[in-house]
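Structural features, examined
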Amino acid sequence: MIDIESEVFTNIETDVLTSFPKAEVRSEEILVPSSFPCATIVEADNHVFDSTQDSSGDENHAVLMYEVNVYSNKASGKKTECKAVFQIIDTRFSKMGFTRKSMVPQTTNNGTVYRIIARYQAVVSKEKVIYRR
């Protein structure tokens, strides 16, 4: 398995905390954030890229997908804050070579929490080089 989860998470966490030092940034899915703003970056899929698998069965590339959830519960401006945190994450994923596959905004908890859900995908080599598909 090609594993770059730690590098991906650390890059994003650093960027988010630079602009939002009180944000909670996690690498695990959570049902209810304990503080806001909150962002989760979770590796949702990691599978062999069949086209480059050699005859010995060695994995040369993997297709990785990350799911991002960003939450804000500000009484005024929760959508704006959520989008600002998301923009930082989106920019970092793009700089790393990932492609955003989806982005869905929603409100939860009777409209008190604004949430953005997004997915990013890329092909990664065993040398940890990231390629856009």
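Refer to the structure printed above.
Remember, predicted model here, so these are calculated numbers, not experimental data.

Here we take up the packing of aromatic side chains. Each pair of aromatic rings is reported with the distance of its centres and the angle of its planes. Inspection of the entire model under this criterion finds four aromatic pairs. Relative to Phe98, the ring of Tyr66 has its centre 5.6 Å away and its plane inclined at 80°; by these criteria the two rings are edge-to-face. Of this pair, Tyr66 sits in strand E3 (residues 61-72) while Phe98 sits in the loop between helix H2 (78-96) and strand E4 (99-108), and the two are 32 residues apart along the sequence. Here Phe98 falls in the buried class, since its relative accessible area comes to 2%. The interplanar angle of 80° and the centroid separation of 5.2 Å between the aromatic rings of Phe93 and Phe98 together place this pair among those described as edge-to-face. On the accessibility criterion, Phe93 (0% relative accessible area) is buried. Each member of the aromatic cluster is reached from another via a ring pair, and the members are Tyr66, Phe93, Phe98 and Tyr120.

In this section: the pattern of salt bridges. Inspection of the entire model under this criterion finds six salt bridges. The shortest N-O distance in the salt bridge between Arg26 and Glu28 comes to 3.8 Å. Residue Arg26 is classed as partly exposed on the basis of its relative accessible area, which comes to 30%. Here Glu67 and Arg119 are joined by a salt bridge, their closest N and O atoms 2.7 Å apart. Note that Glu67 is positioned in strand E3 and Arg119 in strand E5 (residues 113-125), a separation of 52 residues in sequence. For Glu67, a relative accessible area of 16% puts it in the buried group. One salt-bridge network, held together by shared partners, links Glu24, Arg26 and Glu28.

Cut-offs and rules
Position numbers for residues count from 1 along each chain, tracking the sequence in the order it is written. Local features are withheld for residues below a pLDDT of 70 in this predicted model, meaning they are given only at 70 or higher, and side-chain atom pairs are given and counted only at 80 or more; totals for whole chains, interfaces and linings count all residues. With hydrogens and water stripped out, all remaining heavy atoms of the structure feed into the side-chain values. Aromatic pairing here means that ring centres of Phe, Tyr or Trp (its six-membered ring) are within 6.5 Å. Orientation follows from the plane angle: under 30 degrees is stacked, over 60 is edge-to-face, and everything else is tilted. For helices the rule is a DSSP run of H or I covering at least 4 residues; for strands it is a run of E covering at least 2, with both sets numbered from the N terminus onward. The classification of residues rests on relative accessible area computed with a 1.4 Å probe and restricted to protein chains. Under 20% of the type maximum is buried, over 50% is exposed, and intermediate values are partly exposed. What counts as a salt bridge is simple: a side-chain nitrogen of Lys or Arg found within 4 Å of a carboxyl oxygen of Asp or Glu.

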